[in-house]
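Coordinates in review
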Amino acid sequence: MDWLSRLFEMMPVRGRLDLRCAYGAPWRIDQGPGEPNEIPYHAVLAGSAVLDDPAGGRPLKLERGDILLLPGNGRHVMHDGSGAVPLPARNRASLNFTISETPGSGERLDLLCGHFAIAPPHDRLLRSYLPPRLVVHAGADAGDGDTAGQLAGLVALMRRESADDRLGGRAMLNALSSAMFALVLRLASLTDDAPRGLLALAGHPRLAPAVAALFKEPARAWSLPELARLCGMSRATLVRQFQEKLGRSAADLLTDIRMALAANELKKSSSSTGAVAEAVGYQSEAAFQRAFKNHMGVTPAQWRKSQESGRDVPERPAP
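Residues numbered from 1 in each chain as written. Predicted model: local features only at pLDDT ≥ 70, side-chain atom pairs only at ≥ 80, totals over all residues. Heavy atoms only, no water.

**Let's talk about the pairing of strand β3 (residues 38-46)**
- For β3, the buried fraction is high: 8 of the 9 residues fall into the buried class.
- Strand direction decides the pairing type here: β3 and strand β10 (residues 105-118), joined by 8 bridges, are antiparallel. Paired with Tyr41 across the two strands is Gly114, which belongs to β10. (Buried < 20%, exposed > 50% of the residue type's maximum accessible area, 1.4 Å probe, protein only. Helix = DSSP H or I, 4+ residues; strand = E, 2+ residues; numbered from the N terminus. Pairing = 2+ DSSP bridges.)

**Observations regarding the packing of aromatic side chains**
- Scanning the model with the defined rule gives 7 aromatic pairs in all.
- Look at Phe116 and Phe181: their rings are 4.6 Å apart centre to centre, the planes differ by 45°, and that puts the pair in the tilted class. Residue Phe116 is located in strand β10, and its partner Phe181 is located in helix α4 (residues 169-190); the two are separated by 65 residues in the primary sequence.
- For Phe116, a relative accessible area of 0% corresponds to the buried category.
- Ring plane angle 50° and centroid distance 5.8 Å describe the contact between Phe288 and Phe292, whose orientation is recorded as tilted. A residue pair is termed a helical-turn pair when its members lie 3 or 4 positions apart in one helix, as Phe288 and Phe292 do in helix α11 (residues 285-296) at 4 residues.
- A relative accessible area of 0% places Phe292 in the buried class.
- Feature note: the residues Phe8, Tyr41, Phe116 and Phe181 constitute an aromatic cluster, connected by ring pairs.
- The ring of Tyr129 carries the charged tip of Arg248 above its face, separated from the ring centre by 4.6 Å. (Phe/Tyr/Trp six-rings, centres within 6.5 Å; stacked < 30°, edge-to-face > 60°. Lys NZ or Arg CZ within 6 Å of the ring centre and 35° of its normal.)

Written out as structure tokens, the structure reads:
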């Protein structure tokens, strides 16, 4: 199993289409922040949009075929770029989602807006390995052939399904949204300028073997020399490349993978803490308890109890 499939097996992602926007200028979208475990997305079907930089930098223009993910999940503002006072939008409910419209004039924006939901604690972990803002292009002129073409075809199917608004449409659109998340990450990892984080790390041909090994066998006591040999480089080069591409060490990534798996295993009432510790690579239950408490902010027993009762554990900032 490849690393991306393994990631989604560990951290299931549920997609949902919330709005289809049909806007004539002048228009403005001011959203966020969303729920803590959500990653908003926007897919431009037609027209264009300007995304403001919350830090005051140069705005980003989004064209037809662009797909924007916002793992940072902060407030974001999109507009037509005219600077005019936006027309008020009117929302109307369709069978499976909401349609938002403005009359306006000129080039019209056709936009799909939704979000991806990731169950805690995986939401904080996943966001810590993704950039605050991620854009890929899936238009007819996109590069990276197969993946970009698949993504463009999937978005076209979402457009047809949202236009027809037929029986079962909500289930179809949500399932297609989930598949879109995987294709966006795949496409982003294939680009030469993949953003710093897991995408840049996995997209680096020499480092990919180490990433695959850590996801495939997280319980194994991996050493730097072993990982360096897999990548055909020295230990010093491996350490430097992980820091440059990921922003943390191979050991940090391995711990995060182990804790994600442990959180899943602890939900099973039949699994003892000792069995979970051994399954994720800890020879000592005490060492596992310390690592889990340090990583999650609660003990394995507290985490298990919170899952059984359906309560959330206290928020802990992503590493």
